[in-house]
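Chain by chain, the residues run as shown.
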Amino acid sequence: MSEVNWAKYDCDICRSIGILASGLTAGLASWILLWLGTSVALVVLLFLVIWGVLGYVVDTHCRGRIPAAFGPPAERPADRPADDSGEAADAAEKAAAAVAAAKAEAARKAAEHADEAAATAPQQQAEANAAADEQTKSKADHGAAEEAVPAPDKGSEHPAEEAVQATSDPETNIDGDAAVEGARPEALQAPRHGAPDDLKRIKGIGPKLEALCNSLGFFHFDQIASWTPDEVAWVDSNLEGFKGRVTRDSWVGQAKALASGAEADP
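Residues numbered from 1 in each chain as written. Predicted model: local features only at pLDDT ≥ 70, side-chain atom pairs only at ≥ 80, totals over all residues. Heavy atoms only, no water.

Enquirer: How should the overall build of the protein chain be read in this particular structure?
Expert: The helix and strand inventory of the protein chain stands at eight helices and two strands. Start at the N end of the protein chain and walk to the C end: the helices and strands fall as α-α-α-β-β-α-α-α-α-α. Summarising the internal contacts of the protein chain: among those between residues at least 6 apart in sequence, 59% fall at separations of at least 24. Only carbon and sulfur atoms are counted for the fraction: they give 60% of the accessible area of the protein chain, which is about 17800 Å². (Helix = DSSP H or I, 4+ residues; strand = E, 2+ residues; numbered from the N terminus. Contact = heavy atoms within 4.5 Å. Areas by Shrake-Rupley, 256 points an atom, 1.4 Å probe, with all protein chains shown as cover.)

Enquirer: Any chance you could explain the side chain of His220 here in plain terms?
Expert: With respect to the secondary-structure elements, His220 resides in the loop between helix H4 (207–215) and helix H5 (221–225). Separated by 3.4 Å, the side chains of His220 and Asp197 make a polar contact. (Polar contact = N/O pair within 3.5 Å; in protein donor to acceptor, adjacent residues only side chain to side chain.)

Enquirer: Please explain the packing of aromatic side chains as it appears in this structure.
Expert: Given two aromatic rings, one states the distance between the centres and the angle between the planes to describe the pair. In the structure shown here, the tally under the stated rule is one aromatic pair. Judged by centre distance (5.0 Å) and plane angle (70 degrees), the rings of Phe218 and Trp227 are edge-to-face. Residue classification places Phe218 among the buried positions, given a relative accessible area of 0%. Classification of Trp227 by relative accessible area gives buried; the value is 7%. (Phe/Tyr/Trp six-rings, centres within 6.5 Å; stacked < 30°, edge-to-face > 60°. Buried < 20%, exposed > 50% of the residue type's maximum accessible area, 1.4 Å probe, protein only.)

Enquirer: Is there a simple way to think about the environment of Thr60 in this case?
Expert: Mapping Thr60 onto the fold places it in helix H2 (residues 40–65). Taking the relative accessible area as the measure of exposure, Thr60 reaches 38% and is therefore partly exposed.

Enquirer: How do you make sense of H4 when you look at a structure like this?
Expert: One full turn of an α-helix is made of 3.6 residues, so residues set three or four places apart face in the same direction. Buried within H4 are the following residues: Leu209, Glu210, Leu212 and Cys213. Along the axis of H4, the buried residues cluster in a sector spanning 160 degrees; they form a single face. Across H4 from its buried face, at more than 90 degrees, point the exposed residues Pro207 and Lys208. (Arc of directions from axis to C-beta.)

Enquirer: Explain the pattern of salt bridges to me, please; I cannot follow it from the model alone.
Expert: When the charged atoms of two side chains with opposite charge come close together, those side chains can pair. Going through the model one piece at a time under the given rule, you end up with six salt bridges. With a closest N to O distance of 3.1 Å, Asp198 and Lys200 form a salt bridge. Under the relative-accessibility criterion, Asp198 is labelled partly exposed at 34%. The class of Lys200 is partly exposed, set by a relative accessible area of 38%. A cluster of three or more residues bridged by salt bridges with shared partners is formed by Glu105, Arg108 and Glu112. (Salt bridge = Lys/Arg side-chain N within 4 Å of Asp/Glu carboxyl O.)

Enquirer: Help me understand the nonpolar core in this model?
Expert: In globular proteins that are soluble, nonpolar side chains generally tend to be buried together. Within the largest apolar cluster, 22 residues are counted, with the highest numbers of intra-cluster contacts made by Ile202, Phe218, Trp227, Leu239 and Trp251. Here this core takes four residues from helix H8 (residues 251–259), the largest share from any one element. What Leu239 contacts, discounting residues up to four positions off in sequence, is Leu209, Leu212, Cys213, Leu216, Val246 and Trp251. (Core = buried A, V, L, I, M, F, W, Y, C linked by side-chain atoms within 4.5 Å.)

Enquirer: Help me understand a nonpolar patch on the surface, please; the structure alone is not making it clear to me.
Expert: Together, Leu42, Leu45, Val49, Val53, Tyr56 and Val57 make up a nonpolar patch on the protein surface, roughly 580 Å² of accessible area in all. On the secondary structure map, Val53 appears in helix H2. Val53 sits in the partly exposed class, given a relative accessible area of 47%. (Patch = residues over 30% accessible without salt bridge, like charges linked within 9 Å, V, L, I, M, F, W, Y side chains within 5 Å.)

Enquirer: Can you help me understand the side chain of Arg245 in this one?
Expert: The residue Arg245 is located in helix H7 (residues 245–248) in this model. At 2.6 Å, the side chain of Arg245 forms a polar contact with the backbone oxygen of Gly204. Dropping the residues within four chain positions of it, Arg245 is found in contact with Gly204, Leu209, Asp236, Ser250 and Trp251.

Enquirer: Is there a simple way to explain the confidence of the model for the protein chain in this structure?
Expert: Interpretation of this model should avoid reading the predicted coordinates in detail wherever pLDDT is low. Here the protein chain averages 74 in pLDDT, while 67% of its residues score no lower than 70. Looking at the elements of the protein chain, mean pLDDT is at its lowest for strand S1 (residues 163–164), recorded as 40, and at its highest for H5, recorded as 94. A low-confidence stretch, residues 147–172 stays under pLDDT 50, and its non-local contacts, those more than four residues away or across chains, total 34 contacts. (pLDDT = per-residue confidence, 0-100.)

Enquirer: Please explain the environment of Gly244 as it appears in this structure.
Expert: Considering the arrangement of structural elements, one finds Gly244 in the loop between helix H6 (229–238) and H7. For the pair formed by Gly244 and Val232, sequence separation is 12 residues and the distance between their alpha carbons is 9.0 Å.

Encoded structure:
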């Protein structure tokens, strides 16, 4: 759609109104002449002359006052599209400011997290050191307890064995019944001939439980098969994290079967 030359349009309207007003003026003058008795021919001639002169004056005046009417097309201010360059620049500035603010907020939060981590690091290190010291102390206490157990007789059937005499605590009620037990089963400091039995063949013993049994001096099926009820009660109460597993999984019966060369009952 072509653009409208509003300046020329306004000029045309103004000129048309001026020419019309000139015609009305010429008509009024002609009517006055007719009323005064002037001949019709003269009145018509005067009407045309007056109208032509006044129309020429109006047309010349309009052309002189609005020369843009005959120049390039122009638009009325109200009809011109809004200049969005300023708004676009403002929007870009706002977007850049928002991005900068988001980056600053992220940096601030990262700094806060770093400060918190730095503040809690000494406490975490102290807790880790305390846990390590506690573990070391527990191992030392366990080693001292094993060293305190008397060595086996020299006349043992297996010279390489270092049997540990059972110790008892007469004040400890192990299995919770009315009787007071304290019979620790016979333990070894090391497996016979350096080859322990695979205790995991006993149903209910996994790698962790096998390692716990070895730490208590139990390495072979025949050791477990010979446990008395009081010894079973002692082991049940001393399996940290696995208390009661000896009785619940019938270790003694399975160990007897495995010691004899048979497979344990499922």
